[in-house]
Every structure is written in structure tokens, then in C-alpha cells.
Amino acid sequence: MPQRVSGRFEASDGLFLDLYQLTMLRAYRAQGMEGEAAFSLFVRAFPEERNFLIACGLDELLTEIERFRFSEDDIAFLGELGLFPEDFLDGLRGFRFTGDIYALPEGTPFFPNEPILEVIAPIGQGQVLETLILNHIGLQTLLASKAHRVVTAAAGRRVMDFGARRAQGGDAAIRGARALAIAGVEGTSLLAAAALYGLPAAGTMAHSFVEAFASEAEAFEAFARVYPQTVLLVDTYDTLQGVRDAIALARRLGSDCRLTGVRLDSGDLAALSRATRALLDEAGLQHLRIVASGGLNETKVDALVRAGAPIDIFGVGTDMSVSADAPALDIAYKLTEYAGAGRMKLSQTKATLPGRKQVFRREEGGVAAGDVLARFDEPCEGRPLLVPVMRGGRRLAPPVADLGVLRAQAAQAIATLPAEARALAPAPRPYPVSVSPRLQAEAEALRERLLRQAKDAGAP
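Reading guide: rules and limits
- Residues numbered from 1 in each chain as written.
- Predicted model: local features only at pLDDT ≥ 70, side-chain atom pairs only at ≥ 80, totals over all residues.
- Heavy atoms only, no water.
- Helix = DSSP H or I, 4+ residues; strand = E, 2+ residues; numbered from the N terminus.
- Buried < 20%, exposed > 50% of the residue type's maximum accessible area, 1.4 Å probe, protein only.
- Contact = heavy atoms within 4.5 Å.
- Areas by Shrake-Rupley, 256 points an atom, 1.4 Å probe, with all protein chains shown as cover.
- Lys, Arg positive; Asp, Glu negative; His and termini not counted.
- Charge placed at Lys NZ, Arg CZ, Asp CG, Glu CD.
- Pairing = 2+ DSSP bridges.
- pLDDT = per-residue confidence, 0-100.
- Right-handed = clockwise from strand over helix to strand, strands pointing away.
- Axes fitted to C-alpha atoms, helices over the stretch in contact; angles between N-to-C directions.
- Parallel < 35°, antiparallel > 145°, perpendicular 65-115°, else oblique.
- Left-handed = near helix turned anticlockwise from the far one by under 90°.
- Nonpolar A, V, L, I, M, F, W, Y, C, P; charged D, E, K, R; others polar.
- Phe/Tyr/Trp six-rings, centres within 6.5 Å; stacked < 30°, edge-to-face > 60°.
- Lys NZ or Arg CZ within 6 Å of the ring centre and 35° of its normal.
- Core = buried A, V, L, I, M, F, W, Y, C linked by side-chain atoms within 4.5 Å.

Focus on the overall build of the protein chain
Turning to step 1, where the next piece is worked out: In terms of helices and strands, the protein chain carries 17 helices and 19 strands.
Turning to step 2, where the next piece is worked out: Overall, the C-alpha framework of the protein chain stretches about 90 × 60 × 45 Å when taken along its three principal axes.
Turning to step 3, where the next piece is worked out: Counting over 460 residues, the protein chain shows a buried share of 49%.
Turning to step 4, where the next piece is worked out: Taking all contacts inside the protein chain whose residues are at least 6 apart in sequence as the whole, residues at least 24 apart take part in 75%.
Turning to step 5, where the next piece is worked out: Counting every atom, the protein chain has about 20900 Å² of accessible surface; 53% of that belongs to carbon and sulfur.
Turning to step 6, where the next piece is worked out: Each charge sign in the protein chain was given a centre, from 50 positive and 57 negative side chains, and these centres are 2 Å apart.

Structure below.
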């Protein structure tokens, strides 16, 4: 975490929460409210461009929850706010999460209002984790869902992540690269993410390298001398002349030529890729690949693929790394049960369902046919999606060392969705998600009781 400007405190992960979470924690304790609660994380309405979302970020979140602590500097800072008494602050020194968590496995596709995870814990503990959970799952779910669309559009061609420099901050760039990889992106230009997650590092040169030399041909030769197996960026001045300069270099190198491709970063990529492929093939350089980049998104990639552009690799940056068409999710973390009784919001457009829940997915012939949102303890047809991942504050499985496992898991889960749900275009009809009769009845009964209580309280 960044240091405060004053330099008096070093903020830790213990302050990665909103103020109201601690004021509520103090108020709960003042009222002696230590009972078990259930909190549910879900996305209300989806962006119009998304038929489904991909659950992502869980593995790192569990690690963060295990090590969540309030440091001495955290407590000193909180003391300066003048909101918390010494006995409360002293109690924060021993704060540990001791609850249970049930969650969708990473890579699981899900639909509006379905729980991504549920936290079962003493109410104060569950409340304190709200911002951490929303941030971790929200960001990575957003970006994995976007990246899957790009990978789908590429139709088997490789996709690389070039977006770190325009991501919304360093943490978003690093954790975002993880989410993109789980969704099927094959490599990243960001070395920090490559080192942290074991991802292939991708990248060669920028236009500035070419501009620094007297000629493009001289720049190509100088770079290839240092990095023989390289992709040459050919569009600094004139793209097709750049391709001819690359061909001329290959001819000069002869049998020593180890160039791997050329990169197009601007212009009419469909026309330029065809012309480039023709020039390379005519020169006997059929093995050189064409990499395309420059303002790409799933719509542009899809159009290039449908047009038959001979592009082997797509380098996608800003649009994917910030999910430009849908840069935020309507994600919420809400109390649904306390002390064994259901809790719900009745707010217009933001009403919730009470109690602990489970999502059951029914399949027909290996294809998902519909989901049922039910009570956690009621039997329903289909496969339960929420699984236990943490018990007593300890994760049940070790951290995932190989993102390839999660990538394969995601691909397999998404492949079970109906074709219209997996398409880039909005599905002609929503994927069917229903609420079980028991859960619906409990919600209606609680709603009526809450409305009656509100009416009675307001009566003269």
C-alpha cells in the first residue's frame, strides 16, 4: 500500500476497507451483536453487452483474507480519527477472520443475482471484509469476462495482453493480467505479472527504437543483431515499405535469419495484413507470423477474422484492460441472514433475497439448460455450483500455482453454455434463471412482515 504523504504511518491491507465498516463493527459490538451472519456477493443487472460473466479472483482473495490484520500503524491512524475508543482499537489487534466461505470456482460462468460467494461469519467479521471482497472479485470478474469476448472473437488465433500502461493503476494491471490469462489470453507485456503468475512475457520494440536510427532498415538490423528471434514493428513510416525492409534484412541474413514475424500497429489491418502476407510469401518467408495491434477490441477482432485477414496473433491493449465498453459492474455484497433469521432489502430496483443460498445448474445433453436459485439446504434438480472454499478462516485448498489449471477449468465450464449465450451478440432470450418456490415463499413472507412492521411503526 502507498505511504501516507505525512510519512507518519505506513498503511497496510488492514485499512483496505471503508470507514463505515469499522463504525458498524463498533456499533455491533456496543449492542452485543456477535451472532452469525450470512453475506452474499452478486451482480444485479449485467451490462447490455454481456450474456454472462466469469467468476474470477477467488484464489487471491482467500489468501488476502487469511492474512488480513490491523497493524500498529493502522490502529494509530484510526485512533487519530477520534471515532473509536481505546478498548475497541485494542480489540482490533487480535482481529482474525474465523468464518466460512462458499464460492463459485474460478472460471464459472454465472448470471444476474446469482451468488458468486457467500460469507458465513460473526456479523462484524463479515462486514469488515466487504470492500476487500468487492474489489478483488469485481475487478477480476469484470476483466476476465471482457477478455473472454476478445478470445472468442479471435477464433483460435492467439491473443496477447498489451494493456498495462493504460490500466487503471498498477494493481489493476497486475491482477488484471491474471484475469485475462484465466479467460484465455496467452501472454502479457507486463513483466511484473509474468513473474508473479508464470505467464509468457510478450513484446519486442516500440516505434521510438525505429525513430532513433537514421533509417528503418538500420534499426531493424541493429535490433535483430541483439535479438535474432524477434518480431519487427513495420508501421513507423510506411507499413508495406517496412515489410520490404524486413524482407531485405531476412535476405541479408540468409540461413542465419531467425526472425519470427512482423507487427502491424495502425491503418487498415485487413488490407495491410493481406498485402503483408503476399509480400512475405513471395519472398519465401511463409513462416513469419503477422501480429496485429492498435486500438483493437472484440468487435474489431471479430471483423478481421470474418474478413479472412491473415493475422496470426492479436495484441490487445487499452480496451481489454479497462473493459472499455462496460467499465464497471453493479456488484453488491449484502447481508441476507443474521442470528438464524433471513434479512432482505426492499429498496426499489435493489431488493434482495433472504437467507443462505445455492445455485443449481441443470444440463441437457451436456449443455446448460437453466439455473435455480434456492435455499442452501433444499434439494433441487441440477449440479450445485457454490462449493466450500474456506472453513474457520482457513482456506481448504492450497493456492493455485498454475493459472493453466484455472484457464482449462474456465474453458470447460463456458463450453457447457448454450451457443447463443456464448456468442458476442446479445442473446435473443435471457438464459433461464428461476427462484425456487421455497425461497420465493420465504422472501414474500419476510417482505410482508417488514412492510407491516414499517407501517405499524409509522402509525400515529
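Focus: the sheet that holds strand 10 (residues 289–293)
Turning to step 1, where the next piece is worked out: Strands sit in the order 7-6-11-10-9-8 across an open sheet of six strands; the sheet is parallel. The sheet terminates laterally at strand 7 (187–188) and strand 8 (231–233), the two strands that pair on one side only.
Turning to step 2, where the next piece is worked out: Where strand 8 and strand 9 (residues 261–264) come together, three bridges link them in parallel fashion. If you follow L232 over to strand 9, its bridge partner there is V262.

Considering the confidence of the model for the protein chain
A low pLDDT score tells you not to read the predicted coordinates there in detail.
Turning to step 1, where the next piece is worked out: Of all residues in the protein chain, 97% attain a pLDDT of 70 or more, and the chain-wide mean is 95.
Turning to step 2, where the next piece is worked out: When the criterion is pLDDT under 50, residues 1–6 qualifies, and its contacts beyond four places in sequence or with other chains add up to ten contacts.

Details of the pairing of strand 6 (residues 158–161)
Within a regular strand, the side chains alternate between the two sheet faces.
Turning to step 1, where the next piece is worked out: Pairing analysis gives four bridges linking strand 6 to strand 11 (residues 313–316), with the strands arranged parallel. In the strand pairing of strand 11, M160 is matched with G315.
Turning to step 2, where the next piece is worked out: With two bridges joining them, strand 6 and strand 7 adopt parallel strand pairing. Its bridge partner being in strand 7, M160 is matched across the sheet by G187.
Turning to step 3, where the next piece is worked out: For the segment spanning strand 6, helix 7 (residues 170–182) and strand 7, crossover handedness is right-handed.

Some details on the packing of helix 10 (residues 216–226) against helix 11 (residues 239–253)
Turning to step 1, where the next piece is worked out: Running from N to C, helix 10 and helix 11 point in directions that differ by 50 degrees, and their axes come no closer than 9 Å. For the element pair helix 10 / helix 11, the angle class is oblique. For the element pair helix 10 and helix 11, the recorded crossing hand is right-handed. Touching E216, A217, F220, E221 and A224 of helix 10 are Q241, G242, D245, A246, L249 and R252, all from helix 11.
Turning to step 2, where the next piece is worked out: Its residues placed into classes, the contact of helix 10 with helix 11 shows five nonpolar, two polar and four charged.

Here we look at the sheet that holds strand 14 (residues 357–364)
Turning to step 1, where the next piece is worked out: The four strands are arranged 16-14-15-19 in an open sheet whose pairing can be described as mixed. The open sheet has two edge strands with one neighbour each: strand 16 (383–384) and strand 19 (433–435).
Turning to step 2, where the next piece is worked out: As paired elements, strand 15 (residues 367–375) and strand 19 share three bridges and run parallel to each other. From the neighbouring strand, D371 faces strand 19, where its bridge partner is V433.
Turning to step 3, where the next piece is worked out: Docked against the sheet, helix 17 (residues 437–458) engages strand 14, strand 15 and strand 19, running at close to 40 degrees with respect to strand 15.

Some points on the packing of aromatic side chains
Turning to step 1, where the next piece is worked out: This structure, assessed with the given rule, holds ten aromatic pairs.
Turning to step 2, where the next piece is worked out: Considering the side-chain rings of F68 and F95, the 5.8 Å spacing of their centres and the 70 degrees angle between planes classify their relative orientation as edge-to-face. With F68 in the loop between helix 2 (58–66) and helix 3 (72–80) and F95 in the loop between helix 4 (86–92) and strand 3 (100–103), this pair connects stretches of sequence that are 27 residues apart. For the pair shown, F68 and F95 are each scored as buried.
Turning to step 3, where the next piece is worked out: Aromatic side chains F209 and F213 sit 4.9 Å apart centroid to centroid with 45 degrees between the ring planes, which places their arrangement in the tilted category.
Turning to step 4, where the next piece is worked out: Here F209 falls in the partly exposed class, since its relative accessible area comes to 27%.
Turning to step 5, where the next piece is worked out: Over the face of the ring belonging to F376 we find R356, whose NZ or CZ atom lies 3.9 Å from the ring centre.

Some words on the nonpolar core
Turning to step 1, where the next piece is worked out: In terms of nonpolar packing, the biggest core is built from 121 residues, with L22, F70, L117, I133 and F314 touching the most fellow members.
Turning to step 2, where the next piece is worked out: Ranked by residue count, the leading element in this core is helix 6 (residues 130–154), at ten residues.
Turning to step 3, where the next piece is worked out: The residues touching F70, leaving out its near neighbours within four places in the chain, are G14, L17, L22, I75, L78, L92, F95 and V128.

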